[in-house]
Amino acid sequence: MVNKIPEELIEKIRTESDIVDVISEYIQLTKRGRNWFGLCPFHNENTPSFSVSEDKQIFHCFGCGAGGNVITFVMDIENVSFPEAVSKLGERIGIHIDIQNQSMDNRIHRYSKKEENMLNAHQFVAEYYHHLLLNTEDGEKALNYLFKRGFTREDIESNGIGYALPNWDSVAVLLQRKGFSPDEMVESGLIIQRENDHTYFDRFRDRIMFPIRNEFGKVIGFSGRILEPKESEAKYLNSPESPIFRKSEVLFNLDKARASIRKKRQAILMEGFMDVLAANKAGIDNAVATMGTSLTKEHITRLKRLVRNVVICYDGDHAGWEAAKRASELLYNEQMEVEVVVLPDKLDPDEYIRKFGPESFVQMIERPHAYMSFMMMYARRNKNFQFENDVLQYIQEVLEQLVGRTSPVERDLYIKELAKETKVSEEAIYAQFRKLDADFAKNYKRAEQKNTIINGPIQPKNLNATERAERLLLSHMLFDMEVVNNILRSEEPQPFVHDEYIAAFVRLIGFYEEYGTSDYQRFLEMLDDPELRRIVMEAALIERDPEFKEAEIQDSLKQLKKHRLKLEIEKLMHDSQEAERMHEHKKALELLQRIIELKRTLSAI
Ligand SMILES: [Zn+2]
């Protein structure tokens, strides 16, 4: 199945989409020497091993081996097919390509069939809820409520907000009629099975429905808000954990906020999706929220790919303060720059905006507290400096934050401030600090020793001689079609040993038949399997010496032949031992002679 986008257009889009620009929209890159580096979006890491070459217009990760060009990057990160990736890049530079009629056969299946069904069902149900809200009499009450809460029609449309009917089984019936498997739909959280008669009913009834999308913009769950709060029912009901909806990973609005986060070099982290929607209405478009869980390492990994600076804006109540302290420590320990907005009067962001207006909220967001200053505020809460105990406790808590974290200048600054606040002498505070610092250094050393043993850096896979030969041979094949032709005409028309190289070779033959010229970037784009792309990319990147091309090819072929002979000999040895055991002496002797011949050939290579 070959795509039908004209080759010239693909070429134009590829050359006009600068890889550094495109990748920068997804992860933060910094220039080091001739290349750009960042945290790899395809595996979890803390030190950047993902590099982008502006000259060559390719990317490569030294940690996990991912690699490719601008088009395959979009294919991988957005999980889309080749035509979709080209079309997305086209849109960026104002070229519209209609891919409606393109076959979806070459879609990469990163989602399993089951997950795909769940995503389709969610998309379908989201559209159904949205339609009910905007176009039916049943939805009127909910629609009026939203208008009253300050949502415009445009807000409702751009967020896909909807309404679930009070009926027990509208969605259950619809999904079954559409042919979705009831078991899968139960697992996805849209419907529930009754225990007594095993029939199905809708999870969400008579609620305003807010779709939750993953980072690629696909609907993976819902949060349903009750219209008239009752004692017996929670105000918000969220979809349960499912194969497509993992709360420890999802950041609400990340799909829409990504571009703005990148541009502003800052993400606003909130506690609830309603806060994000309120912030959006106030004109803040770089806000995301966790979905009913506290911040996890997985969330931080996703943020870290995009940005270093995170502004936490949680509720102003006690729980909000505690959550903000925990989240800021987590982010701080992950080397992020953390700042914290402290809302007054125990208000949440939504309430604050309604009370003081959007401008005032934007000002709050623009003037957050630095990490240490927030920590001092936190330590000061519920303390009365008239009591000596509270003063000592306060100094202790602030110093604990200072230890091992701050530069000498910052330390000086905060210790001076502490002295002024508490009327305790700077010298006394310093003495206390040095004691804590010594303890910390001891513990830190111990922890670090432990850490290096457990999570040492990922070592690039050590290749043996055979694998090196396969890579070098493939490399020459990628840059010169004649190398492939010569090998096809030789005695050994399939020289590779490992399955993945054989697969890449077969695909390359097909590519040359179709295109008649070498173009490894174009070839990469034709490969729908990321593992094959990895091999091809690595081969394209290694050092070839064009001057010694023939010698390198011959050496590689010899090495591969040796490997095959050794395998053959091993197999014959095994067979011959087997023949001996079965007392088939004649056969064993024949096998032995064959082994001797092969060994002779082997040593002649
Ligand atoms: Zn990687």
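What counts and what doesn't
- Residues numbered from 1 in each chain as written.
- Predicted model: local features only at pLDDT ≥ 70, side-chain atom pairs only at ≥ 80, totals over all residues.
- Domains from an automatic or database assignment.
- Contact = placed C-beta atoms within 7 Å.
- Nonpolar A, V, L, I, M, F, W, Y, C, P; charged D, E, K, R; others polar.
- Pairing = 2+ DSSP bridges.
- Helix = DSSP H or I, 4+ residues; strand = E, 2+ residues; numbered from the N terminus.
- Axes fitted to C-alpha atoms, helices over the stretch in contact; angles between N-to-C directions.
- Parallel < 35°, antiparallel > 145°, perpendicular 65-115°, else oblique.

**Some details on the domain arrangement of the protein chain**
One frequent convention defines the size of an interface as the accessible area lost when the parts assemble.
Step number 1: As far as domains go, the protein chain holds domain 1 (7-92), domain 2 (113-238), domain 3 (251-379), domain 4 (389-454) and domain 5 (465-604).
Step number 2: Between the C-alpha centres of domain 1 and domain 3 the distance comes to 29 Å.
Step number 3: Residue-level contacts link 8 residues of domain 1 with 8 residues of domain 3.
Step number 4: Residues of the side of domain 1 that touches domain 3, tallied by class, amount to 4 nonpolar, 3 polar and 1 charged.

**Observations regarding the sheet that holds strand S2 (residues 35-38)**
Step number 1: A sheet is described by the order of its strands in space; here 5 strands give the open sequence S1-S2-S3-S4-S5, paired in antiparallel fashion. Because the sheet does not close on itself, it has two edges, and the strands there are strand S1 (30-32) and strand S5 (67-69). Each adjacent strand pair in this sheet contributes to an overall mean axis angle of 25°, direction not counted.
Step number 2: Alignment of strand S3 (residues 50-53) against strand S4 (residues 58-61), held across 4 bridges, turns out to be antiparallel. Note that in S4 the partner of Phe 50 across the bridge is Cys 61.
Step number 3: Sitting on the sheet, helix H24 (residues 530-541) is in contact with S4 and S5, with an inclination near 80° to S5.

**Focus: unusual backbone geometry**
Step number 1: The backbone of Arg 265 sits at a positive phi, close to 55°, despite the residue not being glycine.
Step number 2: Tracing the chain through its elements places Arg 265 in the loop between helix H10 (254-264) and strand S13 (267-270).
Step number 3: The phi angle at Lys 346 is positive, at roughly 60°, despite the residue not being glycine.
Step number 4: Inspection of the secondary structure puts Lys 346 in the loop between strand S16 (337-341) and helix H14 (349-356).

**Structural notes on the sheet that holds strand S15 (residues 309-313)**
Step number 1: Pairing in this open sheet of 6 strands is mixed, and the strands run S12-S14-S13-S15-S16-S17 from one edge to the other. Every other strand in the sheet has two partners, leaving strand S12 (251-252) and strand S17 (369-370) as the edge strands with one partner each.
Step number 2: Taken strand by strand, helix H11 (residues 273-281) contacts S12, S13 and strand S14 (287-290), and its axis lies near 170° from that of S14.

**Some details on the packing of helix H20 (residues 465-479) against H24**
Step number 1: Remark: H20 packs on H24, axes separated minimally by 8 Å, with the N-to-C direction vectors making an angle of 80°. One finds that H20 runs roughly perpendicular with respect to H24. Every residue of H24 that contacts H20 at Arg 471, Leu 474, Ser 475 and Leu 478 is listed here: Val 536, Glu 538, Ala 539 and Ala 540.
Step number 2: Looking at the contact of H20 with H24 residue by residue, the classes come out as 5 nonpolar, 1 polar and 2 charged.

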